[in-house]
Amino acid sequence: VDADVARFARKLDGSEPACLYQSVLLAKDGRRVPFEANSEVILRDGALHGVLVIARDVSERVAARAALEESERRFRTAFEGAAVGMVVSDPAGTLLRVNAAFAEMLGYRPSELVGVRVGDLHHPDDRAAFADGIETLRAGLEGRGVAERRYLRKDGEIVLGHVNISTVRADDGSALYFVAQVEDVTELRRVQAELDESQALHRVVIESSYDVLAVLDLDGTIRLASRSIENTLGYTQQELVGRGFLELLHPDDQQAAQAAVEAALRGAEPSVGRSRTLAKDGRSEE
């Protein structure tokens, strides 16, 4: 209100003969109605005769702007606060925006990465595949791109990232932006590789043993058996995997064997027991 009064005063004293401004009117029902007005003084014989005001309701425009600002605020909060790396690039792959998680993952400050081409952050051996993937997304042949790529940290270390890329398109279908989530899976893949190596070693040890060895699930299902079992009981390894180990024991010995397994699952000290086994041809051996 004060601004409107001051503006009108400038009209009267001639210091502001015309202007375009925005303000708010109060409707009869108490609603506040935003409007945009163009006002100009009317002169007659060189003297001030009145003020012409042309106003239009801009409620929809103001509401749309507020909704856009709220959407941008939510996106910014989600983008900056994400635990995984997030980036926005143009269709050529130039970074327009990066969050703190992505910058930290590669050892940079976010401001250092803006304007950098994403491909330049990849391991040289992965750059061609990245470029092909971007071209495929840009052409609209895929709606989403998922891959694992090697990135180079600022200090030269290699980081393995699981990348999920979405395309933001214009009304005509052309690519406007790429939005990508990048999760650092370097440690996860290292642990998985070590686990695979350990399991492979255990399998070699078990399968090459002259003694009969087997690996059981918690419910007693055979997961792995040594080749020696074929000479001892007449079963092939494939015939035993998936069967319960109690099926191979004499009925009179099954209860004791089951009790020993349950004790082991409870954390009891390892124990040695004797059970009679049933060979494929029905023979019983101890």
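Calculation rules
- Residues numbered from 1 in each chain as written.
- Predicted model: local features only at pLDDT ≥ 70, side-chain atom pairs only at ≥ 80, totals over all residues.
- Heavy atoms only, no water.
- Helix = DSSP H or I, 4+ residues; strand = E, 2+ residues; numbered from the N terminus.
- Rg over C-alpha atoms; globule rule 2.2 N^0.38 Å.
- Buried < 20%, exposed > 50% of the residue type's maximum accessible area, 1.4 Å probe, protein only.
- Contact = heavy atoms within 4.5 Å.
- Areas by Shrake-Rupley, 256 points an atom, 1.4 Å probe, with all protein chains shown as cover.
- Lys, Arg positive; Asp, Glu negative; His and termini not counted.
- Charge placed at Lys NZ, Arg CZ, Asp CG, Glu CD.
- 1 Å grid on protein atoms, 1.4 Å probe; cavity = no way out; pocket = protein on both sides within 12 Å on 5 of 7 lines; lining within 4 Å.
- Points joined across faces, edges and corners; volume = space filled by probe spheres on them.
- Nonpolar A, V, L, I, M, F, W, Y, C, P; charged D, E, K, R; others polar.

### Details of the overall build of the protein
Assigned secondary structure in the protein consists of nine helices and 12 strands. The C-alpha radius of gyration of the protein comes to 37 Å, more than 25% above the 19 Å expected for a compact globule of 286 residues. Principal axes of the C-alpha set define a box for the protein whose edges measure 130 × 50 × 35 Å. When each of the 286 residues of the protein is scored for burial, the buried share is 28%. Of the contacts formed within the protein by residues at least 6 apart in sequence, a portion of 33% connects residues at least 24 apart. For the protein, the accessible surface area stands at approximately 18,800 Å², while carbon and sulfur atoms represent 53% of it. Computing the positive centroid from 35 side-chain charges and the negative centroid from 48, the protein places the two 6 Å apart.

### Some thoughts on the layout of surface pockets
Quantified by volume, the largest pocket comes out at close to 590 Å³. With three residues, the top contributor of residues to the lining of the largest pocket is helix α7 (residues 228-233). Along the lines of polarity and charge, the residues of the lining of the largest pocket split into 14 nonpolar, three polar and three charged. Space inside the second largest pocket adds up to approximately 400 Å³. Taken together, 19 residues make up the lining of the second largest pocket; nearest its centre are A257, A260, V261, A264 and S271. Counting residues per element, the lining of the second largest pocket draws most heavily on helix α9 (residues 251-265), which supplies eight residues. Of the residues assigned to the lining of the second largest pocket, the class counts are 12 nonpolar, three polar and four charged.

### Description of empty space enclosed by the protein
Summed over the entire model, instances satisfying the criterion amount to one cavity of 30 Å³ or more. Here the largest cavity is characterised by a volume of approximately 120 Å³. If you go around the largest cavity, you meet 15 residues; those closest to its centre are V87, V118, F130, I165 and A180. Counting only elements with at least two residues in the lining of the largest cavity, the list comes to β4 (85-89), α5 (127-138), β7 (158-169) and β8 (175-184). The element contributing the most residues to the lining of the largest cavity is β8, with four residues. Classifying every residue of the lining of the largest cavity gives 12 nonpolar, three polar and no charged.

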